[in-house]
Every structure is written in structure tokens, then in C-alpha cells.
Amino acid sequence: MAPDGLRVLLVEDNPGDARLIRAMLAEVPSLGWHWQHVDRLAAALPVLGAGTVDVVLLDLNLPDARGLESVERVQAVAPEVPVVVLTGLDDEATGLRAVQAGAQDYLVKGQVSGELLVRAVRYALERRQLLARERAARLEAERLAAERAAILGQIADGVLIADPTGRITFINEAGRRMHGLDPTAEPDGFQARYELVAVDGIPLASAQQPLWRAACAGETIRDAEFIIRRADGSEAIVQGSAAPVLAEDGTRLGAVLVLHDVTERHALERERDEFFSHASHDLRTPLAAIKASIGVVLANEPADFPAPLHRLLVNIDQAADRMAALVGDLLDMTRLRAGRLRLRWEWTDLGELAQRAAAAIEPLAQQRDQRVQVEVPSGPLLAPVDAARLERA
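All values derive from a computational prediction rather than experimental measurement.

Asker: Sorry, what's going on with the nonpolar core here?
Answerer: Leu 9, Val 11, Leu 41, Leu 48, Val 56, Leu 58 and Val 85 are the most contacted members of the largest nonpolar core, which totals 24 residues. A per-element tally of this core places helix H2 (residues 41-49) first, with five residues. Not counting the four nearest positions on each side in its chain, Leu 41 is found in contact with Val 11, Leu 58, Leu 62, Asp 64, Ala 65, Ser 70, Arg 73 and Val 74. Ranked by size, the runner-up nonpolar core spans 21 residues in total, among them Tyr 194, Ala 198, Val 238 and Leu 259.

Below, the structure is given as C-alpha cells:
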């Protein structure tokens, strides 16, 4: 809009109607109208293309254009300029169709007053500005969404976003791969194409799934492990963290879930546990033979057997015991990771346990001219522990 008034382009081939419209607008001189009048659409288009017009008053019955064609051609040249169409008494339906096609308003010739015409022009400008702001906001939202998708698409972890009902609205490329989904498919209906299963093999109901819990219940879930069972039957073990997304006023807008594929890590852990298990079993056989042999030698020592050699045999016997304990610990660790180790929890006096442990290592300390000192409270110090395993440790 010009700083000193409103620039109006009147496209009207009837001189009488043109004079009447100008006279009506002149009744409101405070707006400082700047007029341009042409009688053909062909003459109006270059003016519109120059960007020197704030609003167009457009007759729909011109010698070189009729009906909606006029509106379409004007919008093609100047889509940001609001258009008020002028129709005859018998052509009101065309005016309505023109508004549906993009014009801001229509006026029927013969029923227009100066006040009505000015109000129509003002409203046309306001509606066009509102539409322009909405369009700019929509384009900015689309740009931000495309930027977000481009950034999240480069992340190696899967990222899923859900609305407050738990419906998935976005999933990045890594997330699609984890779920076995088509890279171009829309998010609607994703949940029907895979199954989420707990690590113990039990399917997770919707209310148990991390994304749903964050979006619908407002929970924050960290490092939850579960299995994605794809439509083709393959599986991925993932570790996921989910959190609700909140507006400034605390309103829950949805939730985001980040997934890290730990399938390979679990496979390596299984291989490691199997190695420890096999190694432990393989070590037990020679250890048992060593222990038995030393036991036989110690039990049949001659009376004049040299003391240094006796101590050496005792040390070998004790070392075999310690090695057997280490092998047992390896087996216990493997069973513990596999969930097959059962601990015998019982209330135990930790002070008494410490005294027994000190007594066990006292001979070794004496050989080195050292002394083991244990300080414990006078009363019982009870705790639920597996006493046998704790004492071995």
C-alpha cells in the first residue's frame, strides 16, 4: 500500500459505472484514493504486473474476458492483490463462484452504496492480508518440517514422534529400517505392520509401549529394551527412551521416542557368555585332576618329607582352590546374565561374615609378617545377602 493512500485499479468497460464507482469512493476522501481506470483486462494485466496496485475492482463482463476467466487471469499475474468483483443484477451466482475461485468479495451493480463499496474494499484487503499471513505460516511450518525430517534422517538412531493420542506422525529413515517399513509410506497405519514384544517374548499391549506411555500418560521412559517383530518375521532388539513433548503452558503435544538398535550387542554378549561357559567347563576338568593329585600326595607324605616341599604342595592345593573359585565365578556370571542364577537370600550377620573371611586369610598374612584386623559394631549387623557367595568373594 502506498504511504499516502490506497492504490485502486478499476477494470470496467462501462464509463457510466466507472464514474459512479469513483463518485462513491470520493465520498470517503480520508482514505486518499489513488485511481487507475482501464476498460480492458489486457490493459490491466501490465499494471498489475508492475506491482503498483493495492486492490482491484473487477467487472466480470469485459469485452476481452468474461466470468471466472477474468479472476483467474488477474490472480495468475498478481496473486497477492485482493480482488473485488462487480456483477450485474442477473449474475450474482457468478459473483459467488468468483469468491470461491479466490476473489475476496463481490458486489452487485445497482445495489452498491459508497459505504458498502468502501467496506468491501477494506475487508478485501484485510482478508487478503490474513490469507497471506496464513500462507506464510503454512510455508514456514512446511519448511521447518522438511528441515526437521532432513536432520533426523541423518541420525543413526530411530526417531518416532506421536500426537497426544499415541498416533505416529513421523518416523525417520533409521526408525523405518528398524521396523521393516517402506521408506516412502505414510505414518498412518504403521502400528499394524509390526509387533512390539518384551525381551521375555510376551507381546506388549499399547499401554505398555514406551511411545504410547509418554504420549498418552505423560511418562518418561529411559533405556527400555524390547523386540520389534517385523512383518517378514525378522526381529530387532532395541533400547528406547521416550518423553512427552510439552507446550509452554504444560499442555501435552505428543511424545518422542529414540531407538538404538542393540541386536548386534546382544549377539556379542551371547557369544561371550557361551565362551565363558565353555571355558569354565573346560578348566574344571584339569583343575579337578590337579586337586585330586595334590590331595593324594599330601595324604601320603612320608614322615621325613622336607618342610619346604610340603609348603609348596599346600600352596599348589590352595591355588587350585582359588582357581576353582574363579571358574565358579565365571559360571555364575554367565548364569546371572542369562537369568539362570538363583541367589539364596538370607539375613546374615555381616560382622560374623567378616570375621570368618579374616580368619581364612590370616595364615597367608602371617607368612608375610602381616596382621589382619577387623573392626565391626558390637551388635549384629544384619543384611539380606547370599552369604556363601559373598564369603567366597
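Asker: What exactly am I supposed to notice about the pattern of salt bridges here?
Answerer: Where side chains of opposite charge bring their charged atoms close, a pairing between them can arise. The full count for this structure, using the stated rule, is 17 salt bridges. Two residues, Arg 7 and Asp 54, come together in a salt bridge whose shortest N-O distance is 3.0 Å. Note that Arg 7 is positioned in strand S1 (residues 7-11) and Asp 54 in the loop between H2 and strand S3 (55-59), a separation of 47 residues in sequence. For the salt bridge of Asp 39 with Arg 40, the shortest nitrogen-to-oxygen distance reads 3.7 Å. Look at Asp 39 and you get partly exposed, because its relative accessible area is 36%.

Asker: Help me understand a nonpolar patch on the surface, please; the structure alone is not making it clear to me.
Answerer: Residues Ile 290, Leu 309, Leu 312 and Ile 316 make up a contiguous nonpolar surface patch of about 320 Å² in total accessible area. Broken down by element, the nonpolar patch gets its largest block of residues, three residues, from helix H9 (residues 307-337). Among the structural elements, Ile 316 can be located in helix H9. Judged by its relative accessible area of 34%, Ile 316 is partly exposed.

Asker: For this particular structure, what's the right way to read the sheet that holds S3?
Answerer: Where strands meet in a sheet, backbone hydrogen bonds hold them as pairs that are either parallel or antiparallel. The strand order across the open sheet formed by five strands is S2-S1-S3-S6-S7, and the pairing between neighbours is parallel. Two strands lie at the open edges of the sheet, namely strand S2 (34-38) and strand S7 (105-108), each paired on one side alone. Within this sheet the neighbouring strands show an average axis-to-axis angle of 20°, counted without direction. Across five bridges, S1 lies against S2 in parallel orientation. Within S2, the position partnered with Leu 9 by the bridge is Gln 36. Running at roughly 155° to S3, helix H3 (residues 68-77) makes contact with S3 and strand S6 (83-87) of the sheet. Along the sheet, helix H5 (residues 114-153) makes contact with S3, S6 and S7, crossing S7 at roughly 165°.

Asker: Where do I start with helix H1 (residues 15-26) in this structure?
Answerer: Think of an α-helix as 3.6 residues a turn; residues three or four steps apart then line up on the same face. Helix length check: H1, at 12 residues, gives a terminal C-alpha distance of 16 Å against a target of 16 Å (1.5 Å per residue), a fit within 8%. Taken residue by residue, H1 has Ala 18, Ile 21, Met 24 and Leu 25 as its buried positions. The buried residues of H1 occupy one face: seen down the axis, they fall within an arc of 125°. Exposed and oriented more than 90 degrees from the buried face of H1 are Pro 15 and Arg 19.

Asker: Would you mind going over the sheet that holds strand S8 (residues 158-162) with me for this structure?
Answerer: Pairing is antiparallel across the open sheet formed by six strands, whose spatial order is S9-S8-S13-S12-S11-S10. The sheet terminates laterally at strand S9 (168-171) and strand S10 (194-198), the two strands that pair on one side only. Taken over all neighbouring pairs, the strand axes of this sheet differ in orientation by 35° on average, direction set aside. Note: strand S11 (residues 221-230) against strand S12 (residues 235-246), seven bridges, orientation antiparallel. Looking at S12, one finds that Ile 228 is bridged to Ala 236. Those strands touched by helix H7 (residues 210-217) are S8, S9, S11, S12 and strand S13 (252-261), and its axis lies near 160° from that of S13.

Rules used in this analysis
Residues numbered from 1 in each chain as written. Predicted model: local features only at pLDDT ≥ 70, side-chain atom pairs only at ≥ 80, totals over all residues. Heavy atoms only, no water. Core = buried A, V, L, I, M, F, W, Y, C linked by side-chain atoms within 4.5 Å. Buried < 20%, exposed > 50% of the residue type's maximum accessible area, 1.4 Å probe, protein only. Helix = DSSP H or I, 4+ residues; strand = E, 2+ residues; numbered from the N terminus. Contact = heavy atoms within 4.5 Å. Salt bridge = Lys/Arg side-chain N within 4 Å of Asp/Glu carboxyl O. Patch = residues over 30% accessible without salt bridge, like charges linked within 9 Å, V, L, I, M, F, W, Y side chains within 5 Å. Areas by Shrake-Rupley, 256 points an atom, 1.4 Å probe, with all protein chains shown as cover. Pairing = 2+ DSSP bridges. Axes fitted to C-alpha atoms, helices over the stretch in contact; angles between N-to-C directions. Expected span 1.5 Å × (residues − 1). Arc of directions from axis to C-beta.

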